[in-house]
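# Breakdown of the fold
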Amino acid sequence: MSKIRRSMLFIPGNTPGMLQSADVFDADSIIIDLEDSVSVDEKDSARILLEQLLSKVQFTDVEVIVRMNPFESTDYEKDIEVLQSLDIDLILLPKAEQDSVSDLTKRLESFKYKTDVMILVETALGVEQVFDLLNTSVKVKGLMLGGEDLCVDLNCERTKTGEELLYARTRVVNAARALKKFVIDTPFTDTNDDIGLTNDTRFAKKIGFDGKASINPRQIETINKVFTPKEDEINDAKRVIEAKDQALKEGKGVFSLDGKMVDLPIIKRAERIMAVASKTGLLKEGEHNEN
Ligand SMILES: CC(=O)SCCNC(=O)CCNC(=O)[C@H](O)C(C)(C)COP(=O)(O)OP(=O)(O)OC[C@H]1O[C@@H](n2cnc3c(N)ncnc32)[C@H](O)[C@@H]1OP(=O)(O)O
Ligand SMILES: O=C([O-])CC(=O)C(=O)O
Ligand SMILES: [Mg+2]
């Protein structure tokens, strides 16, 4: 069963206080950041802190991701050196473009390193290359869209309603779905605007993202709620699946439920809702059988 990734919490890699309690916030994944939230002077100490933390603390209920520094930076080599010895789930490669994704995946393959890669698409060129980036290696499992850097590169305004990201958002979702990889939306950076966060997260879900990045623990509950199926959705999905089982016995491919047509795409949607409900612990044993 693939992992559930509704929420991913960024934590600056030079903040021992925030890192100690990283697994109490209910985020599905944490992203320990060595890149833009850590100043140049603090990069070495962040790498040391990361090694110490992961040698002492075992995070069992949360996926652990580390955002490294970009390919062009002097810290890239130093990060790879440290990451090779760490037991983490994913490396997040920022400013992902063809050269950097090829370089990182080749190196990881050459040291037979078991950790996989998530790419951070946040340049205009990265958006245009996204299908090929995801297709570079089986090590690339999914992507995150980075709206802040992308808007700098695009020289556009960064608004709360995000019209400026529409092309990039739909393009990265399409590429990820075409290749069966996961796809995570950019963070909403006003930590005091829960209505804005809710609207932005609902929109991300509506257009196909699996989850959304966050920068503050106060954002996690809202994001998880949007990406978790509601009780009535689960009940409707159960009824579709029960009706499908009955229709199959009767040899019917299409049937009507409450006056609405049900055929294969609607059944697949119901099965997907049940799969997410199952991964979030909302079903009783035996209620969902993923095959
Ligand atoms: C564009 C990008 O690249 S985004 C990714 C990189 N950016 C980041 O990683 C930023 C991460 N977030 C943060 O550093 C902070 O949340 C900020 C700067 C945005 C806001 O800081 P504050 O206003 O101090 O946050 P707030 O008042 O909500 O903090 C409340 C508590 O949550 C903790 N907290 C805040 N953010 C985080 C976080 N991301 N992870 C873990 N704990 C956190 C604080 O330490 C504080 O704990 P305390 O009560 O024990 O002192
Ligand atoms: O990782 C993210 O989603 C945030 C980020 O770097 C950006 O928006 O530039
Ligand atoms: Mg960025």
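Going by the annotation in an unreviewed UniProt entry, the name recorded for the protein chain is Citryl-CoA lyase protein, with Haloplasma contractile SSD-17B given as the source organism. Looking at the Cofactor (unreviewed entry) heading of the UniProt record, one finds this comment for the protein chain: "Mg(2+)".

The next point concerns the sheet that holds strand β4 (residues 90–93). The eight strands are arranged β1-β2-β3-β4-β5-β6-β7-β8 in a closed barrel whose pairing can be described as parallel. The sheet shows a mean angle of 25 degrees between the axes of neighbouring strands, direction not considered.

Here the focus is the UniProt feature "binding site: Mg(2+)" (unreviewed entry) in the protein chain. Feature annotation in UniProt places "binding site: Mg(2+)" (unreviewed entry) on Glu122 and Asp149, given in this structure's numbering. Taken together, the annotated residues stretch across 28 residues yet fold into one region, lying no more than 5.5 Å apart by C-alpha. Topologically, glutamate 122 is positioned in the loop between β5 (116–121) and α5 (124–128). A count of 24 C-beta atoms within 10 Å places glutamate 122 in the buried class. In this view, glutamate 122 contacts Pro94, Lys95, Gly146, Asp149 and Leu150; residues no more than four positions away in its chain are not counted. Tracing the sequence through the fold places aspartate 149 in helix α7 (residues 147–154). Residues within four places of aspartate 149 in sequence aside, it is in contact with Glu122 and Thr123.

What counts as what
- The residue count restarts for each chain, going from 1 along the sequence in the order it is written.
- Whichever chain is written first becomes A and whichever ligand is written first becomes 1, with later ones labelled in order.
- In keeping with the predicted nature of the model, local features appear solely for residues at pLDDT of at least 70, side-chain atom pairs appear and are counted solely at 80 or more, and the whole-chain, interface and lining totals rest on all residues.
- UniProt positions are given in the numbering used here, feature names are shortened, and annotations may be inferred rather than shown by experiment.
- Strand pairing is defined by DSSP finding a minimum of two bridges between the two strands.
- Helix and strand definitions follow DSSP, with helices as H or I runs of at least four residues and strands as E runs of at least two, each counted in order from the N terminus.
- To obtain each axis, a line is fitted to C-alpha atoms, and for helices this fit is confined to the stretch in contact; angles are then taken between N-to-C directions over 0 to 180 degrees.
- With C-beta atoms placed from the backbone, a residue counts as buried when 20 or more other C-beta atoms lie within 10 Å of its own, as exposed when 12 or fewer do, and as partly exposed for counts between those limits.
- Here, residue contact means that the backbone-derived C-beta atoms of the two residues sit within 7 Å.

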